Amino acid sequence: MDNLTIAIAKGRIEKDIYRRLEALNMEKWIDRDSRKLIFTDEENHITYIHVKPSDVVTYVEKGVADLGIVGKDTILENENESEVYELYDLGFGKCKFSVAGMKGKKDKYLTSENLKVATKYPVIAKNFFKSRGQKIDIIKLNGSVELGPIVGLSDVIVDLVETGNTIKANGLEVYEDLFDISARIIANRVSYKFNYDKIQKIIDLFDSTVKASD
Ligand code: PRP
Ligand code: MG
């Protein structure tokens, strides 16, 4: 029997993914202390590969992985987003996208033209401001974007807000929320067609853990 391959995004949502696999007694196949990147569940015929979040969509789109578990933020930022099926909202890894800037400076944000926006998510930021016809300049950063407005690199940031602690600790405030995000299961289009039953079984398994944790 051919294994189904699932690409798991390393990082923010990883812990929650393992918690769900643990509830299903499927985590035993994965040695999280090892530096290995590929594991096989011989009982359920699943191969897990551990990849950077932004690469999950690539592995699934190319058909190397049948399924991927990754945040909606990463899916929306990926240029191949429309090439994969988004099948299921796992309901964890919940946070939101927000525009934020220095506390008390929101007025300037609302009126300024050619806003400088620092972000790790240029596609999402561009689409948001484009949708309401506001001209902006994007400054692409790879992390710690909250520094942007503090050091004068940007007027605002577009970033994930979960607890709000990072924003608060750096003297920023949320000016506006864009949308909510969470972890999703995505599928390769061809694989979805040919492995429909197997894929549906995996979704049902995850679904049972969501219901159990309600
Ligand atoms: C993420 C995100 C925010 C923060 C949100 O950063 O970019 O900065 O977490 O979480 P909070 O609202 O609970 O504070 P991360 O820690 O991943 O670091 P990075 O931005 O430097 O990559
Ligand atoms: Mg951050």
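As shown above, the structure is provided for reference.
Heads up: these notes are all about the structure in this document. (Residues numbered from 1 in each chain as written. Chains lettered and ligands numbered in written order. Predicted model: local features only at pLDDT ≥ 70, side-chain atom pairs only at ≥ 80, totals over all residues. Heavy atoms only, no water.)

Points about the site of ligand 1
Filter applied, for reference: Nearness here has a simple test: a residue counts as near a molecule or strand if at least one of its heavy atoms is within 4 Å of that partner. The definition of a polar contact used here is a pair of N or O atoms within 3.5 Å, where within protein one atom must be able to donate a hydrogen and the other to accept one, and adjacent residues in sequence count solely through side-chain atom pairs. Every accessible area reported is derived by Shrake-Rupley at a probe size of 1.4 Å, with residue values counting cover from the shown protein chains alone.
In the vicinity of ligand 1, the residues found are Lys120, Gly143, Ser144, Glu146, Asp159, Leu160, Val161, Glu162, Thr163, Gly164, Asn165 and Thr166. At a separation of 2.8 Å, an oxygen atom of ligand 1 approaches a polar backbone atom of Glu162. Between ligand 1 and Thr163 there is a distance of 2.4 Å, counted from an oxygen atom to a side-chain nitrogen or oxygen. Protein coverage of the free-state accessible area of ligand 1, which is 500 Å², stands at 68%.

Describing the packing of aromatic side chains
Put simply, the rule reads: Aromatic rings from Phe, Tyr and Trp, with only the six-membered ring used for Trp, were paired whenever their centres fell within 6.5 Å, and each pair was classed as stacked if the ring planes differed by under 30 degrees, edge-to-face if by over 60, and tilted otherwise. Note on conventions: DSSP H or I runs of at least 4 residues are helices, E runs of at least 2 residues are strands, and numbering of each starts at the N terminus. Partly exposed residues are those whose accessible area sits between 20% and 50% of the maximum for their type, while under 20% is buried and over 50% is exposed, using a 1.4 Å probe and protein chains only.
One pass over the structure, following the stated rule, counts six aromatic pairs. Aromatic pair Tyr85 and Tyr192: ring centres 5.6 Å apart, planes at 70°, arrangement edge-to-face. Placement of the pair is Tyr85 in strand β5 (residues 84-89) and Tyr192 in helix α8 (residues 189-194), with a sequence separation of 107 residues. Judged by its relative accessible area of 33%, Tyr85 falls in the partly exposed class. Centre to centre, the rings of Phe97 and Tyr121 are 4.8 Å apart; their planes meet at 85°, and the pair counts as edge-to-face. With Phe97 in strand β6 (residues 95-102) and Tyr121 in the loop between β7 (115-119) and α5 (122-131), the pair connects residues that are 24 residues apart, well separated along the chain. Here Phe97 matches Tyr121 in class, with each residue buried. Members of the aromatic cluster, each reached through a chain of ring pairs, are Tyr85, Tyr192 and Tyr196.

Here's the deal with the pairing of strand β3 (residues 46-51)
Operational definition: Pairing between two strands requires that DSSP report at least two bridges joining them.
Counted residue by residue, β3 has six buried out of six residues, so it is predominantly covered. Residues Ile46, Tyr48 and His50 of β3 are buried on one face, and the alternating residues Thr47, Ile49 and Val51, pointing to the opposite face, are buried as well. Bridge count between strand β1 (residues 4-9) and β3: six bridges; the pairing is parallel. Across the sheet, residue Ala9 finds its bridge partner in β3, namely Val51. Where strand β2 (residues 38-41) hands over to β3, the hairpin turn is made up of four residues, of which His45 adopts a positive phi near 55°.

Some words on the sheet that holds β7
Our working rule: Interaxial angles span 0 to 180 degrees and are taken between N-to-C directions of axes, which are lines fitted to C-alpha atoms, for helices over the stretch in contact. Note on contacts: a residue pair qualifies if any of its non-hydrogen atoms lie within 4.5 Å across the two residues.
Strands sit in the order β8-β7-β9-β6-β10 across an open sheet of five strands; the sheet is mixed. Both edges of this open sheet fall to β8 (136-140) and β10 (172-181), since each of them pairs with a single strand only. Within the sheet, the average angular offset between the axes of one strand and its neighbour, ignoring direction, is 30°. Both β6 and strand β9 (residues 156-161) contribute to a ladder of six bridges, which runs antiparallel. Looking at β9, one finds that Gly101 is bridged to Val156. Relative to β8, α5 is tilted by about 170°, and along the sheet it contacts β6, β7, β8, β9 and β10.

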